[in-house]
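Now for the letters of each chain:
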Amino acid sequence: MFKRTEDGSLDCTSDVVSSPCLGGAALGKLDARQTGGYLQAIYQFMPRWRAGYRYDWLAKGSKSYDDATVFGALDAGNSYFSDHKPRRDSVMVDWSESEFSRLRLQFARDRSMEGLTDNQWTLQYIMNLGAHGAHKF
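Here we summarise the structure given alongside this text. (Residues numbered from 1 in each chain as written. Predicted model: local features only at pLDDT ≥ 70, side-chain atom pairs only at ≥ 80, totals over all residues. Heavy atoms only, no water.)

### Overview of the packing of aromatic side chains
Here the structure, examined in full by the defined rule, presents five aromatic pairs. Considering the side-chain rings of Phe 45 and Trp 49, the 6.4 Å spacing of their centres and the 35 degrees angle between planes classify their relative orientation as tilted. Ring geometry for Tyr 55 against Trp 57: centres 6.0 Å apart, planes inclined by 20 degrees, an arrangement best described as stacked. Its end group placed over the ring of Tyr 38, Arg 54 keeps NZ or CZ at 3.8 Å from the ring centre. (Phe/Tyr/Trp six-rings, centres within 6.5 Å; stacked < 30°, edge-to-face > 60°. Lys NZ or Arg CZ within 6 Å of the ring centre and 35° of its normal.)

Spelled out as structure tokens, the structure:
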């Protein structure tokens, strides 16, 4: 489990003439708290084969600020103030030819950006070179 805490002031800057942030504006105090984490499991179903699953999440968190000042200057639909809860599901299978190499295929469905699902395929070959502790005399 992870935890993030922010404590500071919210400022904005814009070059748009009609913006309340023209030339820079202090919008007041901002305190934010957020938690997240992941769960994962890997199962070896044959001597050289493994399969796994991982779930990552990030809670929307809580933010403390002066509504009148902040929302008077910024769009309430701004992603910083949204209720979106990012998450990702990943599944993988790998095959180890020997103790020195592994071939891994992974699929992840990433929903970290609001309104967008990103499906990601990864094929990875992992190889170890050189002497290691098991071969020292």
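### Comments concerning the environment of Ser 96
Here Ser 96 lies in strand 5 (residues 87-98). Judged by its relative accessible area of 16%, Ser 96 is buried. Residues Ser 96 and Pro 47, spaced 49 residues apart in sequence, show a C-alpha to C-alpha distance of 8.8 Å. The contacts of Ser 96, once residues within four sequence positions are left out, are Arg 48, Ser 101 and Arg 102. A polar side-chain atom of Ser 96 sits 3.1 Å from a polar atom in the side chain of Arg 102. (Helix = DSSP H or I, 4+ residues; strand = E, 2+ residues; numbered from the N terminus. Buried < 20%, exposed > 50% of the residue type's maximum accessible area, 1.4 Å probe, protein only. Contact = heavy atoms within 4.5 Å. Polar contact = N/O pair within 3.5 Å; in protein donor to acceptor, adjacent residues only side chain to side chain.)

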